[in-house]
Amino acid sequence: MTAQPPEPSPRPAPPGELRASHNDREAVVEQLRDAAAEGRIDLDELDSRLEQALKSKTYAELAVLIADLPRVNSAEDLPPLVLKGGMYGASRGPGRWEVPGRVIARGGLGGVKVDFTRAECRLTEVAVEAYGETAGVTIVIPEGWAADTSGMDPGVGGLRDKTTPDRLPGTPLIRLTGSGGMAGVVIRHPNLWERRKLHSNPTQD
């Protein structure tokens, strides 16, 4: 019996054909409303575009509605977030904050913690440079987010990757580089205490 050739794996959809989320549609709605307030489109056109935006299912359908409007600042335009542990440590999160395309964390003598659990992230990938130095760096990502640590130098302190590889659709990938230094770098999902705090304060800023 002749072996059947394996079926080709499905090709990933082009970016424009990816499904848009509620947040994606809401962002376009806000941009359209701002454009109307600035006099760029009239009210009739605003109503028409808003209706189409709320019905849009893909990125391409949304892009058509704002193609003739000035580009608004996005997360890619944000400057890198730089956290230096110094003598007393530094942290970002777990409150609401907007994630830029690049995060740099230097443990210093006090350590650094970067908590993404309540962060607003509209990017498909976030580059995180972590340098454990003397006190170490801890990175916390929500369940469903994934991390690529292949570019990380563990150094003396090592790299502890406690994340799961299961990445939910539409969530960002944390691409981790840098060096563990003396104290090391940890990347993980929320622990039990942090999960309890998230559940008890789901809207905490």
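Placed above this text is the structure.
Computed from a predicted model, the values in this text were never measured in an experiment. (Residues numbered from 1 in each chain as written. Predicted model: local features only at pLDDT ≥ 70, side-chain atom pairs only at ≥ 80, totals over all residues. Heavy atoms only, no water.)

I'd like a rundown of the pairing of strand S1 (residues 81-84), residues and numbers included.
In S1, alternate side chains face the same way, and those of Leu81 and Leu83 are buried while those of Val82 and Lys84 on the opposite face are not. In terms of strand pairing, S1 meets strand S3 (residues 102-106) through 4 bridges, oriented parallel. In the sheet register, Leu81 faces S3, and the bridge partner there is Val103. (Buried < 20%, exposed > 50% of the residue type's maximum accessible area, 1.4 Å probe, protein only. Helix = DSSP H or I, 4+ residues; strand = E, 2+ residues; numbered from the N terminus. Pairing = 2+ DSSP bridges.)

For helix H1 (residues 22-37), give the residues involved together with the corresponding values.
In this model H1 runs 23 Å from its N-terminal to its C-terminal C-alpha over 16 residues, within 8% of the 22 Å that 1.5 Å per residue would give. Turning to H1, its buried residues are Asp24, Arg25, Val28, Val29, Gln31, Leu32, Ala35 and Ala36. Taken down its axis, H1 places every buried residue within 165° of arc, on the same side. Away from its buried face by more than 90 degrees, H1 exposes His22 and Ala37. (Expected span 1.5 Å × (residues − 1). Arc of directions from axis to C-beta.)

Go over the environment of Leu109, please, and point to the residues and values.
Considering the arrangement of structural elements, one finds Leu109 in the loop between S3 and strand S4 (112-115). On the accessibility criterion, Leu109 (53% relative accessible area) is exposed. For Leu109 and Lys84, which are 25 residues apart along the polypeptide, the C-alpha to C-alpha distance reads 9.2 Å.

Can you break down the sheet that holds strand S7 (residues 146-153) residue by residue, with the values?
In space, the 5 strands of this open sheet follow the order S1-S3-S5-S9-S7, with parallel pairing throughout. Both outer strands of the open sheet, S1 and S7, are each paired with one neighbouring strand and no more. Across this sheet, the average inter-strand angle for adjacent strands is 15°, counted without regard to direction. Sheet analysis places S7 next to strand S9 (residues 173-179), joined by 6 bridges and oriented parallel. Within S9, the position partnered with Met152 by the bridge is Gly178. (Axes fitted to C-alpha atoms, helices over the stretch in contact; angles between N-to-C directions.)

Before we move on, can you summarise a nonpolar patch on the surface with the specific residues and values?
Taken together, the side chains of Met87, Tyr88 and Leu109 present a nonpolar region at the surface, about 440 Å² in accessible area. With respect to the helices, strands and loops of the structure, Tyr88 is situated in the loop between S1 and strand S2 (90-92). Looking at Tyr88, the relative accessible area reads 79%, which means it is exposed. (Patch = residues over 30% accessible without salt bridge, like charges linked within 9 Å, V, L, I, M, F, W, Y side chains within 5 Å. Areas by Shrake-Rupley, 256 points an atom, 1.4 Å probe, with all protein chains shown as cover. Salt bridge = Lys/Arg side-chain N within 4 Å of Asp/Glu carboxyl O.)

Can you break down the pattern of salt bridges residue by residue, with the values?
What the rule picks out here adds up to 12 salt bridges. Between Glu133 and Arg106 there is a salt bridge; the shortest N-O distance is 3.6 Å. Taken together, the positions of Glu133 in the loop between strand S5 (125-131) and strand S6 (137-140) and Arg106 in strand S3 put the pair 27 residues apart, joining distant regions of the chain. According to the relative accessible area criterion, Arg106 is partly exposed, its value standing at 33%. For Glu125, the salt bridge identified is with Arg175, shortest N-O distance 2.8 Å. A residue pair is termed long-range when its members are at least 10 positions apart, and Glu125 in strand S5 and Arg175 in strand S9 qualify at 50 residues. For Glu125, a relative accessible area of 40% puts it in the partly exposed group. According to the relative accessible area criterion, Arg175 is partly exposed, its value standing at 33%. Several salt bridges share partner residues, and in doing so they unite Glu45, Arg49 and Asp68 into one network.

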